[in-house]
Amino acid sequence: MFGVDYSHSFKSILPYSSVCLLSLSILACQPAPEAAAPKGRPPTPVKVQTLQTELIQTRLQALGSLLARESVDISSSVTEKIQSLHFDDGQTVKSGDLLVTLEQAEEAAQLKSARADLAEHERELQRLKGLLAKQSAAQTEYDQRQTSKLRAESKIAEISALLNERSIRAPFSGVVGLRELSPGALLSPGTRITSLDDLSVMRLDFYIPSLNIKALALGQEIIARSDALNEDFSGHISAIDSRVDPIKRSLKIRALIPNADGHLKPGMLMQVVLITSEREGILIPESALLSEQLHHYVWLLSDGKAEQRQVELGVRKPGFVEIRSGLSAGEQLIYEGIGNLQAGMAVAPQGNK
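Residues numbered from 1 in each chain as written. Predicted model: local features only at pLDDT ≥ 70, side-chain atom pairs only at ≥ 80, totals over all residues. Heavy atoms only, no water.

Caption draft 1: Structural view of the packing of aromatic side chains. Summed over the entire model, instances satisfying the criterion amount to zero aromatic pairs. One Lys or Arg, K248, reaches over the ring of Y207 and ends 4.8 Å from the middle of that ring. (Phe/Tyr/Trp six-rings, centres within 6.5 Å; stacked < 30°, edge-to-face > 60°. Lys NZ or Arg CZ within 6 Å of the ring centre and 35° of its normal.)

Right, here's the structure in full:
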């Protein structure tokens, strides 16, 4: 029989298997290669600004109407025709200047007659005085003539007053308006001829809620803006009404504004700003503020990382809010890019203002 001899084959395989097993054992004992470390998250870009103190004013705002310091309609107190006008439209006049002359021929004739009567009484008194010295006239006759003289003087004063009513003069210095009538027109009492305004100083009347009454004081400065002139004007409080309006619950305030150039006119609407207090403080953009119910927070840049801090608010102005406490001048406020910030997160400032 034929047989197969496997002894030689096993002898040749065994050394090879031993080598393989030894190699696997060595590989199993070696440490596994380290996994690649993940890359770190880049710093979040933000915009920051350095906090500084500045002047903060507490203000009250209102609307007011302008009035001339003195204003009157020029009219007549008697019924009479206009004889002549002595002014032009918009003319500046002084106190006592003659503006209008009314017909007064009748009163002038009466005055002439009264003066003649007075002269006659004075002559007769002089004659009687001489006769009394000679005891050739009675004292009663002299006394009667003296009384007649007093009546003549009273008549002259009465007719002079009538003449003055027919000569209309400026009661104060100012600017006349447009004339409403012409010479020859028949006037009746109260008919307006023109207006007269003292525009050197303007009165500004406005209302402030009575809750702010403690913030008001005589002499306090105000700023009034005219949109028509695109200009601001300074003035001061000259009077505070003694009563509060029971319906509006507001207090009427009057301020005086110098108007040397005459730009301001009666009836103009003014936006009034009343400064009630001034102090140094910190203002931040409203965009940098986070609010949760009654608590308010901001983000600051500290050592390259974001830090959240609670703050207390003060007054507001368009786009900005005052920080009463919680921040100091010189700190770095993050005002843009705060949406995804977390405490301790690395940030990269992109701008500093």
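Now, onward.
Caption draft 2: Seen up close, the pattern of salt bridges. Scanning all chains against the criterion turns up 16 salt bridges. Among the salt bridges present, the one from E286 reaches R316, with a minimum N-O distance of 3.1 Å. Separated by 30 residues along the polypeptide, E286 in the loop between β13 (269-285) and β14 (290-292) and R316 in strand β16 (residues 305-317) bring together distant segments of the chain. Classification of E286 by relative accessible area gives partly exposed; the value is 34%. Taking the relative accessible area as the measure of exposure, R316 reaches 49% and is therefore partly exposed. Between E307 and R309 there is a salt bridge, with the nearest N and O atoms lying 3.1 Å from each other. Among the ionic contacts, a cluster of salt bridges with common partners joins D73, E180 and R192. (Salt bridge = Lys/Arg side-chain N within 4 Å of Asp/Glu carboxyl O. Helix = DSSP H or I, 4+ residues; strand = E, 2+ residues; numbered from the N terminus. Buried < 20%, exposed > 50% of the residue type's maximum accessible area, 1.4 Å probe, protein only.)

Caption draft 3: Examining unusual backbone geometry more closely. The phi angle at N230 is positive, at roughly 55°, despite the residue not being glycine. In this structure, N230 sits in the loop between β10 (221-226) and β11 (231-245). Positive phi outside glycine occurs at D303, with the angle close to 55°. Note on D303: relative accessible area 79%, which makes it exposed.

Caption draft 4: Focus on helix α3 (residues 139-165). Helix length check: α3 (27 residues) gives 40 Å between terminal C-alpha atoms against 39 Å at 1.5 Å per residue, within 8%. Residues Y142, K149, A152, I156, I159 and L163 constitute the buried set of α3. (Expected span 1.5 Å × (residues − 1).)

Caption draft 5: Local environment of the nonpolar core. Formed by 23 residues in total, the largest nonpolar core has its most connected members in L66, L204, F206, I222, I257 and L264. Elements with a minimum of two residues in this core: β2 (53-75), β9 (192-209), β10, β11, β12 (250-258) and β13. Ranked by residue count, the leading element in this core is β9, at five residues. In this structure I222 touches L204, F206, F233, S234, G235, H236, I237, A255, I257, V272, V273 and L274, once residues within four positions along its chain are discounted. Counting 16 residues, the second largest nonpolar core, distinct from the first, contains I82, V93, A170 and L187. (Core = buried A, V, L, I, M, F, W, Y, C linked by side-chain atoms within 4.5 Å. Contact = heavy atoms within 4.5 Å.)

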